[in-house]
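Observations on chain architecture
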Amino acid sequence: NDSKSEADFEEAGLELKTAPLKRLKNGKLTIKERVVLGIINFNSIVNETFEDSHFLNKNLHILLVFFIYNTLVDLEDIQITLVDIWNCIEEDGEQIKNDWETIVGKIKAGKAHEISEGDTLFLGASTKGSKTITSQVSQPFSPILAHRRAFGFKLQYVRYIYKTLLEKKAKSRPVQGDIIRLTKGRKEG
């Protein structure tokens, strides 16, 4: 569990996140769930701008580990399919910023209890914990309690990230013929 307020690999500026994949009946892999990026503190986020936000400070560069979800396999035997770094600002900065500002806008308007996954496109604010009163917290600018929420990349955005990173990886792979040509004329010894 990640409760650190800074990136997991602070010196490298990398936040570590895992993304489970599930195998469909046709054998293809698909994203199983969203990537959760951290709990939203309703009371402090209203004093942030996107550029100086805790969200951006922690999640600017994410080391994503995609693995095949399988409860029948021991942890050390989990199959990892892809590991790569994602920078959501370089890739989709305008939309991520718009989504963040939409969520924070509702909190500033005293409507944290009305935040909906349908409000945003890539960056969501999913509920955390049960739907009971014990999982609700206070919000600024309203006496109404709101469900705890966490930022997360929505499922369809994680699918897009996975596809994009796979395509990038495929393009960067050296062609087998190129490897042979590079080593063919070399003398051993």
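Structural notes, computed from the coordinates. Predicted model, so just to flag it, every value in this text is computed and none were measured.

Two side chains carrying opposite charge are able to pair once their charged atoms lie near each other. If you walk through the whole model with that rule in mind, you get 8 salt bridges. The salt bridge partner of glutamate 117 is arginine 34, with a shortest N-O separation of 3.1 Å. Note that glutamate 117 is positioned in the loop between helix H3 (88–108) and strand S6 (123–127) and arginine 34 in the loop between strand S2 (29–31) and strand S3 (35–39), a separation of 83 residues in sequence. Glutamate 51 is the salt-bridge partner of lysine 97, the closest N and O atoms lying 2.8 Å from each other.

The subject of this paragraph is the packing of aromatic side chains. With the rule as written, the count across this model stands at 9 aromatic pairs. On the basis of an interplanar angle of 75 degrees and a centroid distance of 6.3 Å, the ring pair of tryptophan 86 and tyrosine 157 is categorised as edge-to-face. In this pair, tryptophan 86 is assigned in strand S5 (residues 80–86) and tyrosine 157 in helix H4 (residues 155–172), connecting sequence segments 71 residues apart. Across the pair, exposure class does not vary: tryptophan 86 and tyrosine 157 are buried alike. Relative to tyrosine 160, the ring of tryptophan 86 lies with its centre 6.2 Å away and its plane at 85 degrees, an arrangement referred to as edge-to-face. In this pair, tryptophan 86 sits in strand S5 while tyrosine 160 sits in helix H4, placing the two residues 74 residues apart along the sequence. You can call tryptophan 86 buried: its relative accessible area is 1%. Tyrosine 160 gets classed as partly exposed once you look at its relative accessible area, which sits at 37%. The lysine or arginine in question, lysine 32, covers the ring of tyrosine 69, its NZ or CZ lying 4.4 Å from the ring centre.

What counts as what
Residues numbered from 1 in each chain as written. Predicted model: local features only at pLDDT ≥ 70, side-chain atom pairs only at ≥ 80, totals over all residues. Heavy atoms only, no water. Salt bridge = Lys/Arg side-chain N within 4 Å of Asp/Glu carboxyl O. Helix = DSSP H or I, 4+ residues; strand = E, 2+ residues; numbered from the N terminus. Phe/Tyr/Trp six-rings, centres within 6.5 Å; stacked < 30°, edge-to-face > 60°. Buried < 20%, exposed > 50% of the residue type's maximum accessible area, 1.4 Å probe, protein only. Lys NZ or Arg CZ within 6 Å of the ring centre and 35° of its normal.

Any functional reading would require information that these geometric values do not contain.
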